[in-house]
Protein chains: 2
Amino acid sequence: MTDNFYMLTWNWLADSPLLAAATEVTTKSDGEEGTFVLAGVLLSLVIIYFASKLGGELCARINLPPVLGELVGGVLVGVSAFRLLVFPESGSLAEDSLIINLLQSTAGMPTEVASSVFASQSEVISLLSELGVIILLFEIGLESDLKELIRVGPIAAVVAVVGVVAPFVAGTLGLIYIFGTPVVPAIFAGAALTATSIGITAKVLAELGELGSEEGQIIIGAAVLDDILGIVVLAVVASLVKTGEIQISNIIYLVISAAVFLIGSILLGRLVSPLLVGLVNEMKTRGQVLLTGLVFAFVLSYIATAIHLEGILGAFAAGLILAETEKRKELEEQVVPLADFFVPIFFVCVGAQTDLSVLNPAVPSNREGLIIATFLIVVAILGKVITGFTVFGNPNLNKLAIGVGMIPRGEVGLVFAGVGSASGALSEATEAAIIVMVISTTFVAPPLLRLVFKETETATEAVDKVQE
Amino acid sequence: MTDNFYMLTWNWLADSPLLAAATEVTTKSDGEEGTFVLAGVLLSLVIIYFASKLGGELCARINLPPVLGELVGGVLVGVSAFRLLVFPESGSLAEDSLIINLLQSTAGMPTEVASSVFASQSEVISLLSELGVIILLFEIGLESDLKELIRVGPIAAVVAVVGVVAPFVAGTLGLIYIFGTPVVPAIFAGAALTATSIGITAKVLAELGELGSEEGQIIIGAAVLDDILGIVVLAVVASLVKTGEIQISNIIYLVISAAVFLIGSILLGRLVSPLLVGLVNEMKTRGQVLLTGLVFAFVLSYIATAIHLEGILGAFAAGLILAETEKRKELEEQVVPLADFFVPIFFVCVGAQTDLSVLNPAVPSNREGLIIATFLIVVAILGKVITGFTVFGNPNLNKLAIGVGMIPRGEVGLVFAGVGSASGALSEATEAAIIVMVISTTFVAPPLLRLVFKETETATEAVDKVQE
């Protein structure tokens, strides 16, 4: 076959809308583009899994938590490095995406559909990543112990509140008095210091096998409460920026709805769960345990989203409730492959969206930001580490580990930066500083957490040896 | 709290773009809409699983294949009945979707974002459904036996070719001579009779435990070949409609690329798979078997899509290749929950997109279509059933079962109707007739298949009893 003939055929194929439809015989999506969106999503998933395994395996070998490797793998394929996986939200265009270029060169995608395929593919991958963190929190809930969480509840509440107040006050006052930052952006930056990324902490704890420990349950409990406090803080700061005053009614609404949702879903859920188990036992078709569990989790996630809380709170509550049923083990086993599929999408996307260019000190405008960032990082770490020392009760607890577990700001902190930037309240330097602080705390927490948990183990082993 | 206060708070919440962003702390999607898209997808999944389990469990109880129940469940929640799950491709608007209405009434979604949220949510669900059929074919490949498939290859090839030629010739000539249909639409309708929906047949076979039987492997082999033949037939017919002549070069390209792809991927895959197994054995992090298998499947699916074949062919080939490795069992176990998650989305969406209004004889314009449809259904069923009797070799084979296994046209047939309608070659009556034929063959095949396989079993049992 000559090249010419091949090209002719190829052009005919590429030009024919009818044949493009033929390649879609099983898809029935909207016209020609659907095939390319599917192809783009398949390529994205291949890249995501490759990045997550490359990073994860390397980290596992140098004794760092694999999830850190997934984040770094994400950075490598993302906007900061190879630009395979980029998103329109961070200002990238279709021609910036290597995946779109690959689709054009290997699958004959015409240029005119490039931007709409890019938008659709990014939309789908973002949504898979959101499902990833929902399924992660469902799994964490399944592995948690509701009774233990209630028992450590008061401790976790103190940890959460101190972990919000301390970095907020220190950060805001420091910016005002040391750096002369105006009040509103200082409050915004202070607020960004309050967040805790439950996803990253929970994943590291699970990897260390410490999720079930008392420290682990305190961290998870405090991180969940922090998530709610974070929503409240953001609402307060946002209303302050918008109207110049704080709306008490809104704070009350948020606090009450969060409390009603969490307590209500757990109480109602415990009534409903025996019915679900009974239903599952009656079912005869495949996947009955998994799908019933997921439907329960998705319903609670939907309710949480609908009342302006977060979907992951609902998924976590569903996991907690179902962990108390006889189906826990079966459900846990079936959720594992699903989590293996979805969760890396979340972590790699977080990494891929992290723009490391703000860290480049060669750019003059970055320098002011980097100096503020250094201050914010110190406050961010110390402000959370001290929370561990507020823990009362059991003196054998690893207090340092609890504080360290609250360090990562993750994607939660980035939203503060994004909202602040959109409201025009933040200077470029302050925004960059917040982003640098978020990146640093997110990437430093996993290895630190492993370190502080190792120390306990070594200490405990030493004590065990002495006692033997 | 008074209603008024509640409404005030609610309005404040709904109006505040800042707070809407706050509810997205883990999502980072594009602005306010992202949260509603996530909420819409969660609701859609809840509805899909509810429909699939309701239909599946009912069918399992009246001794019909569960997958038929998933299709019927899809019809119930789809465009023909409750309109919970509708798609823009079938002409539905945002206000037709009950999910969008629910988002507006329960999650306070503003009307102005309704159509873009509807478009995004439909896009994501369509893509999940496409991933569903890819994962289904990967699973079917894993459960198939390459050696057995090669052994039954010649038989399957005859079944596939006869199953394409017989209904095509009978349908086209019948329409021309009995109904006086013009030549081009008659050829189009004849071509629509050639398809086989591998998804539905394979799922029913798996449910009956007949996937591994010789009949099962002949059906799967023939259905895969039919899928390729279907692409060729559609390309030929489309070029005939477009240019009035048949482009031999294109047919040659498609046939050669399909053959090169299938044979090449299996040969190369057998060389690569020991390396993959070696790699997996070196890995230390979670999900290594599943993700390596999926990456392999997605790469082959991408290649198949890029060369204008179908993604599912690549996934099937990947499954076949990995089934020959020592990881088969582990991989099969881990794919099951993933298939439980994704596959129902595909079947429920097929049902949801089926518009039963063409079956209403009260509408005068449907009547002509229904008469033509009756003819097409007879040809569709007989044209595939006779293929079983072309089977040579083993005289103990259930020849009727093989023919019946080829009956469902499923989504493949609908694409013919869609392409024909888009090209303007089909009259409304002919298009409706094709749709009715597709619906009937798709819904009648699962119970028929169960019936004919039961008969063999009873017969075999009777023979066994006599011999005892």
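Note that this is a predicted model, so its numbers are computed, not measured.

Asks: Can you break down the overall build of chain A residue by residue, with the values?
Replies: Summing up its helical and strand segments, chain A has 19 helices and zero strands in all. A buried classification covers 62% of the 468 residues belonging to chain A. Residue pairs at least 24 apart in sequence account for 75% of intrachain contacts in chain A once pairs closer than 6 positions are excluded. As displayed, chain A has an accessible area near 16700 Å², and 66% of this comes from carbon and sulfur atoms.

Asks: Mind laying out helix H15 (residues 328-352) of chain A, listing which residues take part and the relevant values?
Replies: All names here are of chain A. Along its 25 residues, H15 runs 34 Å from first to last C-alpha, staying within 8% of the 36 Å computed at 1.5 Å per residue. Residue Ala339 marks the point of greatest curvature in H15, where the axis turns by about 40°. Most of H15 sits inside the fold, with 19 of its 25 residues counted as buried.

Asks: I'd like to hear about the pattern of salt bridges, residue by residue, with values.
Replies: Per the stated rule, a full pass over the model turns up 22 salt bridges over all chains. Where A:Glu332 meets A:Arg328, a salt bridge forms, and the shortest distance between an N and an O atom there is 3.9 Å. With A:Glu332 and A:Arg328 both in helix H15 and four residues apart, this pair spans about one turn of that helix. By relative accessible area, which is 21% here, A:Glu332 ends up partly exposed. It is possible to trace a salt-bridge network through shared partners that takes in A:Glu139, A:Asp340 and B:Arg286.

Asks: Tell me about the domain arrangement of chain A, and name the residues and values.
Replies: All names here are of chain A. Segmenting chain A into domains produces domain 1 (3-127) and domain 2 (131-452). On a C-alpha basis, the centres of domain 1 and domain 2 stand 30 Å from each other. If you look at the interface, domain 1 gives 25 residues, while domain 2 gives 24 residues. Between domain 1 and domain 2, roughly 2100 Å² of surface is buried when both sides are summed, and carbon and sulfur atoms account for 74% of that area. One can count zero salt bridges joining domain 1 with domain 2.

Asks: Talk me through the environment of B:Glu310; I want residue IDs and the actual numbers.
Replies: Residues and elements named next belong to chain B. By the secondary structure assignment, Glu310 is in the loop between helix H12 (288-306) and helix H13 (311-322). Take Glu310: its relative accessible area is 1%, and that puts it in the buried class. Taking C-alpha positions, Glu310 is 8.5 Å from Asp227, a pair spaced 83 residues apart along the chain.

Asks: Describe the packing of aromatic side chains, with residues and values.
Replies: For the structure shown, the criterion picks out 11 aromatic pairs over all chains. Here A:Phe179 and A:Phe375 contribute two aromatic rings whose centre-to-centre distance is 5.4 Å and whose plane-to-plane angle is 55°, an arrangement assigned as tilted. Taken together, the positions of A:Phe179 in helix H8 (residues 153-179) and A:Phe375 in helix H16 (residues 364-385) put the pair 196 residues apart, joining distant regions of the chain. Accessibility expressed as a relative area gives 31% for A:Phe179, which makes it partly exposed. By relative accessible area, A:Phe375 is classed as buried at 16%. Geometrically, the ring pair formed by A:Phe342 and B:Phe342 is stacked, given 5.9 Å between the ring centres and 20° between the ring planes. One end of the pair, A:Phe342, is in helix H15; the other, B:Phe342, is in helix H14 (residues 328-353), on a second chain. Of the two residues examined, A:Phe342 and B:Phe342, each falls in the buried class.

Asks: Residue-level account of the state of the cysteines, with values.
Replies: Enumeration according to the criterion identifies zero disulfides over all chains in this entry. A:Cys349 takes part in no disulfide bond, and the closest cysteine sulfur, belonging to A:Cys59, lies 18 Å away.

Asks: Tell me what's going on with a nonpolar patch on the surface, and back it up with residues and numbers.
Replies: Residues and elements named next belong to chain A. Nonpolar side chains collect at one region of the surface, where Val161, Val165, Val169, Leu173, Tyr177, Ile178, Phe179 and Ile371 lie side by side and expose about 770 Å² of accessible area between them. For the nonpolar patch, the element with the highest residue contribution is H8, accounting for seven residues. Since its relative accessible area comes to 43%, Leu173 is described here as partly exposed.

Asks: Outline helix H4 (residues 66-77) of chain B, supporting the account with residue identities and numerical values.
Replies: With 12 residues, H4(B) should reach 16 Å at 1.5 Å per residue; the first-to-last C-alpha distance of 17 Å fits that figure. Residues of H4(B) that are buried include every one of B:Pro66, B:Val67, B:Leu68, B:Gly69, B:Glu70, B:Leu71, B:Gly73, B:Gly74, B:Val75 and B:Val77, and no others.

Asks: Let's hear about the side chain of A:Ser273: which residues, and what values?
Replies: All names here are of chain A. Position of Ser273 among the secondary structure elements: in helix H12 (residues 248-282). Judged by its relative accessible area of 7%, Ser273 is buried. Here the side chain of Ser273 touches Arg270 through a polar contact of 3.5 Å, landing on its backbone oxygen. The residues contacting Ser273, other than those within four sequence positions of it, are Ile321, Leu322 and Thr325.

Asks: Please provide a residue-by-residue account of the packing of helix H13 (residues 288-306) of chain A against H14(B), values included.
Replies: Angle between the axes and distance between the axes: these two values describe a pair of packed helices. Between H13(A) and H14(B), the least distance of the axes is 10 Å, while the angle of their chain directions is 60°. The handedness of the crossing between H13(A) and H14(B) is right-handed. Mapping the contact onto sequence places A:Leu290, A:Leu291, A:Leu294 and A:Phe298 in H13(A) and B:Pro337, B:Asp340, B:Phe341 and B:Pro344 in H14(B). A per-class count over the contact of H13(A) with H14(B) returns seven nonpolar, no polar and one charged.

What counts as what
- Residues numbered from 1 in each chain as written.
- Chains lettered and ligands numbered in written order.
- Predicted model: local features only at pLDDT ≥ 70, side-chain atom pairs only at ≥ 80, totals over all residues.
- Heavy atoms only, no water.
- Helix = DSSP H or I, 4+ residues; strand = E, 2+ residues; numbered from the N terminus.
- Buried < 20%, exposed > 50% of the residue type's maximum accessible area, 1.4 Å probe, protein only.
- Contact = heavy atoms within 4.5 Å.
- Areas by Shrake-Rupley, 256 points an atom, 1.4 Å probe, with all protein chains shown as cover.
- Expected span 1.5 Å × (residues − 1).
- Bend = angle between axes of the 7 residues up to and from the residue.
- Salt bridge = Lys/Arg side-chain N within 4 Å of Asp/Glu carboxyl O.
- Domains from an automatic or database assignment.
- Buried area = accessible area lost by both parts, 1.4 Å probe.
- Phe/Tyr/Trp six-rings, centres within 6.5 Å; stacked < 30°, edge-to-face > 60°.
- Disulfide = S-S within 2.5 Å.
- Patch = residues over 30% accessible without salt bridge, like charges linked within 9 Å, V, L, I, M, F, W, Y side chains within 5 Å.
- Polar contact = N/O pair within 3.5 Å; in protein donor to acceptor, adjacent residues only side chain to side chain.
- Axes fitted to C-alpha atoms, helices over the stretch in contact; angles between N-to-C directions.
- Left-handed = near helix turned anticlockwise from the far one by under 90°.
- Nonpolar A, V, L, I, M, F, W, Y, C, P; charged D, E, K, R; others polar.

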